[in-house]
Amino acid sequence: MAADTPDLPHLIREGAQRLRGSGSPSPALDAELLLAHCLGTSRSGLYARAAGVPDPSVLAHWHQCLTERERGKPLAYITGTKEFMGLEFQVDERVLIPRPETELLVELASAWLDRCRKRSPAVADVGTGSGCIALALAHRHARVSVFGVDLSPAALCVAEANRARLRPAGRVSLLSGHLLDPLPQPVDLVVANLPYVKVSEWVNLPNGIRLHEPELALLADTDGLDVIRELLEDLPSHLLRDGAVMLEHGPDQGANVRHLLGGMGCFTVISTQLDLAGRDRCTVGLGHHTPA
C-alpha cells in the first residue's frame with residue numbers, strides 16, 4: 001500500500017481535524033459516523049474493516065459529507081437517520097431531529113400504558129413529526145392505537161416512511177391537521193412535543209438548529225407556550241375520563257405549564273419530571289375528569 005493511500009484510519013484523523021477546526025463539539029465521533037455512512041456500514045463495522053481502502057466514489061461522497069458538516073448541517077440530516085429509543089428513524093429537513101430528552105416523554109407514556117387496564121387504549125401524539133414518539137410507543141405496546149397528528153403534510157410523509165419501514169406492533173394512524181382537530185375519537189392519553197422556543201431565544205440557537213430544522217416545529221411566539229395553551233384549551237373534549245396528558249417543554253417552563261394544567265381544574269395529579277441533566281422537561285396531568 002502506498003504511503004499516501006487514504007486508508008480508513010487516515011480518513012478518520014483527517015475528518016476529525018477538519019471538523020475540529022469548524023467547531024464541531026464531537027469531531028472524532030462525527031468523522032467516524034460520516035465515514036461509516038459513506039461506506040454503508042455501522043460505526044462498529046467501520047473498525048471491522050479498518051485496513052480497507054475506499055473506492056474513489058466513496059471518497060468523493062466522504063468529502064462532500066465533511067463539507068456539509070463543516071458548514072453546520074446537522075449530522076442526522078447528512079446521514080438521513082437518527083437513533084431514538086433503540087429504533088433507527090429516517091429524518092431530513094422536513095422534520096425535527098429526535099432528541100435524547102424526548103425519550104423521557106416516551107418512558108413516562110410507556111409506564112402509564114403499562115398501568116392502564118383498558119384492553120386497547122388510544123393515544124394521540126400531537127406534532128408527530130418523524131413519528132418517533134408514536135412509533136416508539138406502538139413498538140413497545142402492541143395493544144395501543146396511536147394517532148400521530150401533524151400540521152405539516154411534508155412531515156407526515158417522513159412519518160409514513162418510518163411507519164412502513166419499522167412496522168410497529170401497535171396500530172399507528174397518521175392524521176393531517178391542527179393539534180387535536182383531526183382526532184376521530186376521544187383518547188386515553190395525549191403526548192406532545194410541541195414548539196416551545198421563545199422568540200427571544202430564536203436568534204441565539206445554534207446555526208445547526210436555526211438554519212436547518214423546521215421553524216414550524218420549534219418556534220412558539222413570545223413566551224414559548226402559545227401552542228401548548230391552544231392544545232390545553234381544546235383538550236377536555238378530546239380526553240377520556242381518567243386519561244392523562246404529557247407535555248415536553250423548555251427547562252424554564254415547568255412551573256408555567258403546571259399552572260396552566262392546574263387552572264383547568266380537571267386533573268387529580270400534576271407533576272413535572274426532570275431529564276437526565278436534572279432540568280424540568282416533561283409535565284404530566286393525570287386522572288382527567290369533568291370539573292364540578
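Residues numbered from 1 in each chain as written. Predicted model: local features only at pLDDT ≥ 70, side-chain atom pairs only at ≥ 80, totals over all residues. Heavy atoms only, no water.

1. A look at the side chain of arginine 69
Alright, step 1. You can see arginine 69 is positioned in helix H4 (residues 56-70).
Alright, step 2. We classify arginine 69 as buried; its relative accessible area is 17%.
Alright, step 3. Not counting residues within four places of it along the chain, the set of residues in contact with arginine 69 comprises Leu19, Ser24, Pro25, Asp30, Leu34, Pro74, Leu75 and Ile78. (Helix = DSSP H or I, 4+ residues; strand = E, 2+ residues; numbered from the N terminus. Buried < 20%, exposed > 50% of the residue type's maximum accessible area, 1.4 Å probe, protein only. Contact = heavy atoms within 4.5 Å.)

2. So, the packing of aromatic side chains
Alright, step 1. This model, assessed by the stated rule, comprises 1 aromatic pair.
Alright, step 2. Judged by centre distance (6.2 Å) and plane angle (70°), the ring pair of phenylalanine 84 and phenylalanine 89 falls under edge-to-face.
Alright, step 3. For phenylalanine 84, a relative accessible area of 0% gives the class buried.
Alright, step 4. For phenylalanine 89, a relative accessible area of 0% translates into the label buried. (Phe/Tyr/Trp six-rings, centres within 6.5 Å; stacked < 30°, edge-to-face > 60°.)

3. Things to note about the side chain of aspartate 125
Alright, step 1. The residue aspartate 125 is located in strand S3 (residues 122-126) in this model.
Alright, step 2. Summary of buried charges: aspartate 125 has no salt-bridge partner, and the nearest side chain of opposite charge, arginine 163, is 12 Å away.
Alright, step 3. A distance of 3.3 Å separates a polar side-chain atom of aspartate 125 from the backbone nitrogen of alanine 134. (Lys, Arg positive; Asp, Glu negative; His and termini not counted. Salt bridge = Lys/Arg side-chain N within 4 Å of Asp/Glu carboxyl O. Polar contact = N/O pair within 3.5 Å; in protein donor to acceptor, adjacent residues only side chain to side chain.)

4. Examining the nonpolar core
Alright, step 1. Judged by nonpolar contacts, the single largest core of 29 residues is most densely connected at Leu137, Leu189, Val191 and Met246.
Alright, step 2. Of all the elements in the fold, those that place two or more residues in this core are strand S2 (87-90), helix H6 (103-115), helix H7 (132-140), strand S6 (187-192), strand S7 (239-248) and strand S9 (280-286).
Alright, step 3. Among the nonpolar cores identified, the runner-up in size contains 28 residues, and Ala122, Ala220, Leu232 and Val245 belong to it. (Core = buried A, V, L, I, M, F, W, Y, C linked by side-chain atoms within 4.5 Å.)

5. Some words on the pairing of strand S1 (residues 81-84)
Alright, step 1. Where S1 meets S2, 4 bridges bridge the pair, whose relative direction is antiparallel. Pairing of phenylalanine 84 across the sheet is with leucine 87, part of S2.
Alright, step 2. Adjacent in sequence and paired antiparallel, S1 and S2 are bridged by 2 residues, among which methionine 85 carries a positive phi angle near 55°. (Pairing = 2+ DSSP bridges.)

6. Notes on the environment of threonine 128
Alright, step 1. Looking at the element boundaries, threonine 128 is found in the loop between S3 and H7.
Alright, step 2. As a C-alpha pair, threonine 128 and glutamate 14 span 114 residues in sequence and 38 Å in three-dimensional space.
Alright, step 3. Dropping the residues within four chain positions of it, threonine 128 is found in contact with Ala134, Gly148, Val149, Asp150 and Leu156.
Alright, step 4. A polar contact is formed between the side chain of threonine 128 and the side chain of aspartate 125, at a distance of 2.7 Å.

7. Describing the sheet that holds S7
Backbone-to-backbone hydrogen bonds join strands into a sheet, with any given pair of strands oriented parallel or antiparallel.
Alright, step 1. Ordered by their spatial adjacency, 7 strands build an open sheet running S5-S4-S3-S6-S7-S9-S8, and the pairing between neighbours is mixed. In this open sheet, the two edge strands, each paired with only one partner strand, are strand S5 (171-176) and strand S8 (269-274). Averaged over all pairs of adjacent strands, the angle between strand axes in this sheet comes to 15°, irrespective of strand direction.
Alright, step 2. Two strands pair when backbone bridges link them, and S8 and S9 are joined in this way by 6 bridges, in the antiparallel orientation. Bridge pairing in S9 links threonine 272 to threonine 283.
Alright, step 3. Helix H8 (residues 153-166) rests against strand S4 (145-150) and S5 of the sheet, and its axis sits at about 165° to S5. (Axes fitted to C-alpha atoms, helices over the stretch in contact; angles between N-to-C directions.)

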